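Breakdown of the fold
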There are 2 protein chains.
Amino acid sequence: MREVAIIGVGLHNWGELWDDSLRDMFVTAATNAINDSGVDHIDSMYIGCMSGGLFAAQEHLASLCADYLGATPIPATRVESACASGGVAMRMGWMEVASGLSDIVLVSGVEKMTDITGDEATFALSTAADTEYEGYQGVTFPGLYAMMARAHMAKYGTTIEQLSQVSVKNHANGALNPHAQYPFAVTLETVMNSTPVADPLRLLHCSPITDGAAAVILAPVELAKTKYKNHPMVVIKGSGHATDTIALHSRDDFTVIKAAEIAGKKAYEMAGKKPEDIDMAEVHDCFSIAEVMATEALGFFEPGQGGPAALRGDTALDGSMPINTSGGLKSKGHPVGATGVAQVIELTSQLRGDAGKRQLKDPKVGLAQNMGGSGGSSVVHILEKR
Amino acid sequence: MREVAIIGVGLHNWGELWDDSLRDMFVTAATNAINDSGVDHIDSMYIGCMSGGLFAAQEHLASLCADYLGATPIPATRVESACASGGVAMRMGWMEVASGLSDIVLVSGVEKMTDITGDEATFALSTAADTEYEGYQGVTFPGLYAMMARAHMAKYGTTIEQLSQVSVKNHANGALNPHAQYPFAVTLETVMNSTPVADPLRLLHCSPITDGAAAVILAPVELAKTKYKNHPMVVIKGSGHATDTIALHSRDDFTVIKAAEIAGKKAYEMAGKKPEDIDMAEVHDCFSIAEVMATEALGFFEPGQGGPAALRGDTALDGSMPINTSGGLKSKGHPVGATGVAQVIELTSQLRGDAGKRQLKDPKVGLAQNMGGSGGSSVVHILEKR
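Residues numbered from 1 in each chain as written. Chains lettered and ligands numbered in written order. Predicted model: local features only at pLDDT ≥ 70, side-chain atom pairs only at ≥ 80, totals over all residues.

The number of helices and strands found in chain A is 14 helices and 11 strands. Scaling as 2.2 N^0.38, a compact globule of 386 residues should have a C-alpha radius of gyration of about 21 Å, and chain A matches this with 19 Å. Once the C-alpha set of chain A is aligned to its principal axes, its extents read approximately 55 × 45 × 35 Å. Every one of the 386 residues in chain A was classed for burial, and the buried ones make up 67%. Restricting the contact set of chain A to residue pairs at least 6 apart, pairs at least 24 apart contribute 78%. (Helix = DSSP H or I, 4+ residues; strand = E, 2+ residues; numbered from the N terminus. Rg over C-alpha atoms; globule rule 2.2 N^0.38 Å. Buried ≥ 20, exposed ≤ 12 C-beta atoms within 10 Å, placed from the backbone. Contact = placed C-beta atoms within 7 Å.)

This is the structure we're talking about:
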């Protein structure tokens with residue numbers, strides 16, 4: 001299989017965007033990525049989207065997006081794995097270029113979440129869990145992650161201060177990101193005193209509901225070297241994808257996200273890297289506890305040490321292992337289908353040296369971890385600057 | 001890229017199945033395919049499903065299906081392209097095996113459509129069209145295909161007798177298929193006098209709403225030759241995928257399904273075949289007019305000759321170009337996400353010589369054409385017996 005490079009990135013601004021439809025957001029992000037790359041055509045495209053049907057009464061996004069981008073009749077494929085839809089789209093695009101089937105592939109993610117009520121959005125999101133055995137019993141995602149947080153606290157002594165510091169750090173990073181939905185800093189006290197949602201989780205431990213889109217352009221490294229030289233070369237070194245039980249209650253242990261652990265192992269193996277080779281990571285902090293568990297599952301910290309590491313500042317911009325330099329889902333926003341693609345965009349910006357006020361000092365290797373549901377699926381990509 | 005063989009096929013019976021949930025149907029079809037193939041593991045899986053969200057309040061099918069099959073933690077990906085979801089799943093599975101990333105891949109399609117009301121199902125299906133510019137104006141799929149039928153009649157003189165004969169032929173074939181939802185013959189008179197739905201289309205020109213699932217197992221030909229020898233070898237020789245405008249009104253011409261034409265050309269080119277090399281085809285007869293247009297788009301008949309050919313009996317089991325030997329979507333049923341996979345199963349059964357009472361005489365090459373919406377996407381696969 002061929003090595004694959006990321007030669008263009010593009011975003012539509014994220015937020016509660018009542019003037020922008022799903023198709024508008026997709027087209028802006030895709031056009032920005034195309035312009036950033038300098039390609040004059042695309043061969044194929046992927047769209048990650050969790051629920052066009054429930055959020056926007058629109059399925060068949062492959063046709064809609066190819067149509068409104070003016071890209072018909074190229075093949076277009078929409079993929080879904082709940083909040084990991086963008087990560088799965090990345091993997092499919094990587095596979096198509098790596099296989100030799102296509103040279104220039106657009107990978108995008110989009111979600112239009114705010115055209116329905118909050119209750120309806122909560123219901124739509126709940127379909128990422130086991131509807132029959134979880135949703136119909138009344139549990140929604142804050143409840144599921146609250147149970148994971150309680151289990152983690154009981155087993156490892158993880159504290160609410162530690163979880164709160166994750167939100168403080170992500171908002172501090174997001175305040176430096178012009179694309180963030182909530183680009184402002186918050187204090188530990190504000191987080192810890194915010195409205196309770198599902199004990200022990202409070203409002204500022206939870207990622208928001210967001211409209212947004214993200215897109216990247218992929219090409220084989222050999223072609224990128226000779227033809228698409230707008231930017232420093234960023235290569236996808238590893239891709240890992242794994243599943244776990246959809247229902248939380250079917251798992252042996254609530255304190256580890258096995259799908260993230262296994263997807264990470266596969267990505268490390270393909271990339272020939274170890275956790276200590278990673279300079280930065282974007283992980284799926286749909287809730288603060290998820291970031292803690294992801295940093296443990298990916299081997300950055302020992303089990304139970306993710307919380308203390310966050311409180312010590314190890315995961316801050318100037319820490320030993322910067323996590324979610326973009327602001328993460330918490331501050332940057334979480335348009336579910338777009339998130340996995342935007343994670344890769346943040347790593348690419350950092351590796352190119354384009355990350356502005358939140359730029360790390362010369363990072364070489366980054367990791368993106370995207371997750372569906374309460375960890376029923378996870379996708380990990382490892383990127384390297386060449 | 002490697003050549004890919006179909007080494008196992010499996011179905012869950014189709015119909016209005018109030019006792020079988022989405023996960024049950026998937027597991028039956030997948031287990032049947034696994035047993036048919038003789039594999040002792042799978043490396044990865046794809047699930048084609050149009051709208052788990054709107055039909056069954058269940059997204060994240062990748063995790064659900066991997067979980068209930070007992071297949072976690074393997075990578076699983078759900079793909080969607082409206083009624084072409086199954087065809088896209090086939091293409092993704094083919095690509096994964098062809099690329100060398102995986103050896104044994106399960107490709108499935110599933111749709112649970114009858115747990116909601118008919119009105120709700122009509123709405124869910126309408127999201128395969130352009131919701132903002134078609135759905136919100138009140139048009140649904142019978143209306144869109146009625147307009148295509150009218151245009152075809154006006155341009156080519158296609159008659160209602162010709163369209164009705166398509167339904168008569170498909171029901172005659174379906175009567176020989178133990179897996180069909182409506183396994184009985186109908187007369188031309190019955191079809192022509194059935195309840196009007198959207199003029200000129202009547203009830204028996206329309207495919208039904210169906211619960212069902214289908215699955216196949218793919219492997220590289222080299223591995224199939226040495227290890228999985230349960231059945232005569234069936235090889236995927238060509239794969240084509242194309243998009244068109246999602247809205248019917250955006251097209252220059254309502255009488256041709258361009259996405260099917262282009263997907264067909266790509267599949268023919270990859271396979272090194274021409275329309276005259278094809279011994280049989282399963283095409284997407286969501287409405288009778290769609291079968292006529294598909295047989296023209298794929299080059300089996302000249303434009304405008306699809307209707308007369310059907311009326312002459314050219315597309316019957318004993319005709320020169322048998323179309324929809326399975327009974328097609330009309331008689332076999334149309335669980336939208338499963339249809340594209342089931343088309344490939346019918347071709348495989350025919351190529352193996354396993355098609356029972358509807359078996360053709362020693363077919364060598366078959367073509368499957370699956371379609372999303374009013375032709376906004378289409379996928380074509382060409383299979384050959386080796």
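Time to look at the interface of chain A and chain B. Contacts between the two partners involve 52 residues from chain A, matched on the other side by 52 residues from chain B. Breaking the side of chain A that touches chain B down by element, the ones donating at least two residues are helix H2 (52–56), helix H3 (61–68), strand S3 (76–80), helix H4 (85–99), strand S8 (234–243) and helix H10 (258–271) of chain A. Top element by residues in the side of chain A that touches chain B is H4 of chain A. It accounts for six residues. Here the side of chain A that touches chain B is composed, by residue class, of 23 nonpolar, 20 polar and nine charged. In this structure, S3 of chain A lies alongside strand S3 (residues 76–80) of chain B, joined through three bridges in antiparallel fashion. Across the sheet, residue Glu80 of chain A finds its bridge partner in S3 of chain B, namely Arg78 of chain B. (Nonpolar A, V, L, I, M, F, W, Y, C, P; charged D, E, K, R; others polar. Pairing = 2+ DSSP bridges.)

Right, let's get into the nonpolar core. Of all hydrophobic cores here, the largest spans 254 residues; its most connected members are Met45, Val216, Leu218 and Val341 of chain A together with Met45, Val216 and Val341 of chain B. Contacts of Leu218 of chain A, omitting those with residues within four sequence positions, involve Val4, Ala5, Ile6, Gly93, Trp94, Val97, Val105 and Val107 of chain A. (Core = buried A, V, L, I, M, F, W, Y, C linked by C-beta atoms within 7 Å.)

Residue and element names in this part refer to chain B. Taking burial as the measure, the eight residues of helix H3 (residues 61–68) include seven buried ones, the bulk of the element. Turning to H3, its buried residues number three or more, namely Leu61, Ala62, Ser63, Leu64, Cys65, Ala66 and Asp67. Following H3 by one or two positions, Gly70 adopts a phi angle in the positive range, close to 75°.

Mapping chain A onto chain B calls for a rotation angle of 180° and an axial translation of 0.0 Å; the resulting RMSD is 0.0 Å. Taken together, the rotation angle and the small translation identify this as a two-fold axis. In this assembly the copies share their binding face: 100% of the residues contributing to the interface of chain A also contribute to that of chain B. (Least-squares fit on C-alpha atoms with pLDDT ≥ 70 in both.)

Next up on the list: the domain arrangement of chain A. Residue and element names in this part refer to chain A. Domain boundaries assigned for chain A yield domain 1 (4–117 + 210–234) and domain 2 (127–208 + 237–385). Each of domain 1 and domain 2 has a C-alpha centre, and these two points are 22 Å apart. On the side of domain 2, 35 residues touch domain 1, which itself brings 39 residues to the contact. Breaking the side of domain 1 that touches domain 2 down by element, the ones donating at least two residues are strand S1 (4–15), H4, strand S4 (105–111) and strand S7 (211–220). Of the residues forming the side of domain 1 that touches domain 2, the biggest block, eight residues, is contributed by H4. In the side of domain 1 that touches domain 2, the residues fall into 23 nonpolar, 13 polar and three charged. (Domains from an automatic or database assignment.)

All names here are of chain A. Two elements in contact, H4 and helix H14 (residues 336–352), have axes whose closest approach is 5 Å; the angle formed by their N-to-C orientations is 55°. Accordingly, the angle class assigned to the pair H4 and H14 is oblique. When H4 is examined against H14, the residues Ser85, Gly86, Gly87, Ala89 and Met90 are found in contact with a partner set consisting of Val336, Gly337, Ala338, Thr339, Gly340, Val341 and Val344. Among the residues making up the contact of H4 with H14, the classes are represented as six nonpolar, six polar and no charged. (Axes fitted to C-alpha atoms, helices over the stretch in contact; angles between N-to-C directions. Parallel < 35°, antiparallel > 145°, perpendicular 65-115°, else oblique.)

Where helix H5 (residues 118–126) of chain A is concerned, the buried positions are Ala124, Leu125 and Ser126 of chain A. Turning to H5 of chain A, the residues buried within the fold contact H2 and helix H6 (141–156) of chain A.

Residue and element names in this part refer to chain A. Put simply, helix H7 (residues 160–174) and helix H11 (residues 288–297) touch, their axes get as near as 8 Å, and they point 95° apart. As the angle between them shows, H7 and H11 are arranged roughly perpendicular. When H7 is examined against H11, the residues Leu163, Val166 and Ser167 are found in contact with a partner set consisting of Ser288, Ile289, Glu291 and Val292. The residue inventory of the contact of H7 with H11, partitioned by class, reads four nonpolar, two polar and one charged.

Residues and elements named next belong to chain A. Position of Glu222 among the secondary structure elements: in helix H9 (residues 221–227). A tally of 12 C-beta atoms within 10 Å means that Glu222 is categorised as exposed. For Glu222 and Ala62, which are 160 residues apart along the polypeptide, the C-alpha to C-alpha distance reads 28 Å.

What follows covers the environment of Gly340 of chain A. Residue and element names in this part refer to chain A. Relative to the helices and strands, Gly340 resides in helix H14. Take Gly340: there are 32 C-beta atoms within 10 Å of it, and that puts it in the buried class. Once residues within four sequence positions are removed from consideration, Gly340 is found in contact with Gly48, Ala84, Ser85, Gly86, Gly87, Ala89, Met90, Gly109, Asn370 and Val379.

This part is about the pairing of strand S2 (residues 44–48) of chain A. Residues and elements named next belong to chain A. Within S2, five of the five residues are buried, leaving the element largely enclosed by the surrounding structure. Neither face of S2 is open: one carries Ser44, Tyr46 and Gly48, the other Met45 and Ile47, and all of them are buried. Summarising the sheet, S2 and S4 pair through five bridges and their orientation is parallel. Each bridged residue has a counterpart across the sheet, and for Ile47 the counterpart in S4 is Ser108. Bridge count for S2 against S3 is four bridges, and the pairing is parallel. For Met45, the partnering residue across the bridge sits in S3 and is Ala76.

So, about the pairing of S4 of chain A. Residue and element names in this part refer to chain A. The element S4 is largely enclosed, with a buried count of seven among its seven residues. Here S4 shows two buried faces, one formed by Val105, Val107, Gly109 and Glu111 and the other by Leu106, Ser108 and Val110. Across seven bridges, the pairing between S4 and S7 is antiparallel. Pairing of Gly109 across the sheet is with Ala214, part of S7.

This part covers unusual backbone geometry. The omega torsion of the bond from Thr72 of chain A to Pro73 of chain A falls at 10°, within 30 degrees of zero and hence cis. A cis amide bond links Asp199 of chain B with the next residue in sequence, Pro200 of chain B, at an omega value of 10°. The topology assignment puts Pro200 of chain B in the loop between strand S5 (196–198) and strand S6 (201–202). We note that Ala57 of chain B has phi near 50°; this positive angle belongs to a residue other than glycine. As for its placement among the helices and strands, Ala57 of chain B is situated in the loop between helix H2 (52–56) and H3. Of note in the backbone geometry, His60 of chain B takes a positive phi value of approximately 60° without being a glycine.

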